[in-house]
Amino acid sequence: MCGISGVWSKNTCIDVGRFNAMRDTLLHRGPDAAGTWMNTYKNIALGHRRLSLIDLSSRANQPLTGADNRVTITVNGEIYNFNELRQELKSNGYIFTTQSDSEVLIYGWLHWKTELPKQLKGMFAFAIWDDLEKTLFIARDRFGIKPLYYHIDSNEFIFASELKSLINWNPALKELNLSRVADYFTYRYIPAPYSVFNNILKLPA
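Residues numbered from 1 in each chain as written. Predicted model: local features only at pLDDT ≥ 70, side-chain atom pairs only at ≥ 80, totals over all residues. Heavy atoms only, no water.

*Asks:* What exactly am I supposed to notice about the sheet that holds strand β7 (residues 135–140) here?
*Replies:* An order of β4-β5-β6-β7 is seen for the 4 strands of this open sheet, with the pairing classed as antiparallel. Every interior strand has two partners, whereas the edge strands, β4 (64–65) and β7, have only one. Direction of pairing for strand β5 (residues 71–79) relative to strand β6 (residues 122–130): antiparallel, over a ladder of 9 bridges. Bridging from a neighbouring strand, V75 pairs with F126 of β6. Helix-sheet contacts for helix α3 (residues 103–112) involve β4, β5, β6 and β7, and the interaxial angle to β5 is about 125°. (Pairing = 2+ DSSP bridges. Helix = DSSP H or I, 4+ residues; strand = E, 2+ residues; numbered from the N terminus. Contact = heavy atoms within 4.5 Å. Axes fitted to C-alpha atoms, helices over the stretch in contact; angles between N-to-C directions.)

*Asks:* Looking at this structure, I do not really get the pairing of β7. What am I missing?
*Replies:* Successive side chains on a regular strand alternate, one facing one side of the sheet and the next facing the other. Here β6 runs beside β7; their pairing, made up of 6 bridges, is antiparallel. Following the sheet pairing, I128 is matched in β7 by F137. The hairpin formed by β6 and β7 contains 4 residues between the paired strands, and K134 there has a positive phi angle of roughly 55°.

*Asks:* Even after reading the chapter, I still don't get unusual backbone geometry, so can you show me in this structure?
*Replies:* Note on backbone geometry: most residues besides glycine have negative phi, and most peptide bonds are trans. Between Q62 and the following residue, P63, the backbone shows a cis peptide bond with an omega angle of 0°. In this fold, P63 is placed in the loop between β3 (44–50) and β4. Residue P193 is bonded to the preceding A192 through a cis peptide linkage, with omega at 15°. Within the secondary structure, P193 sits in the loop between α6 (178–187) and β10 (201–202). Positive phi, normally seen in glycine, also occurs at K113, with a value near 50°. Positionally, K113 belongs in the loop between α3 and α4 (116–119). You will see that R188, though not glycine, has its phi angle at about 70°, which is positive.

*Asks:* I keep staring at α6 and nothing clicks. Help me out?
*Replies:* In an α-helix, one full turn covers 3.6 residues, which means residues spaced three or four apart are oriented alike. Capping of α6 at its N-terminal end is provided by N177; its side-chain oxygen lies 3.0 Å from the backbone amide nitrogen of S179. R188 sits one or two positions beyond α6 and adopts a positive phi of about 70°. (Polar contact = N/O pair within 3.5 Å; in protein donor to acceptor, adjacent residues only side chain to side chain.)

Structure (structure tokens):
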């Protein structure tokens, strides 16, 4: 279990201290390492709290950026078929620098783009920033095992593995949706894309 977070601000530079505080609300999900990546203009930040499982070296710490600095990822979960995907991607000329299962997402994005999740077997939630195309892509596994919440408005897009990270970034988001509270007590869960808060959504599986 790891924790991921991110902010894309339209008009302002991101304060790294504020962002790291948001990231570190997920300390319990990833006590082994912490990382923050920001783009040149400092209006996009990706964060990661790591629980080391496969490649235990620091080379596999996240956010992880590809060799050409085009693609940066932050990933929570495990890709079960990463060895198979790794071999396919290597046969297409991609060069890997870690043994991490997460690295297949960097070159998998370059190879398959938005079709990438269809290639994956596992439980995962991830974000991919493509600096060439200026796109941010987020996805969850098809069963929705790994959580991912987000908020979007005219000024920014924020996401995280847990609700409290978004609340840490913007306390004004802590506004209960009483209909969703009723859903929880009726169904014992809140159906996607809703969450218990009015202005925070859950990415569907």
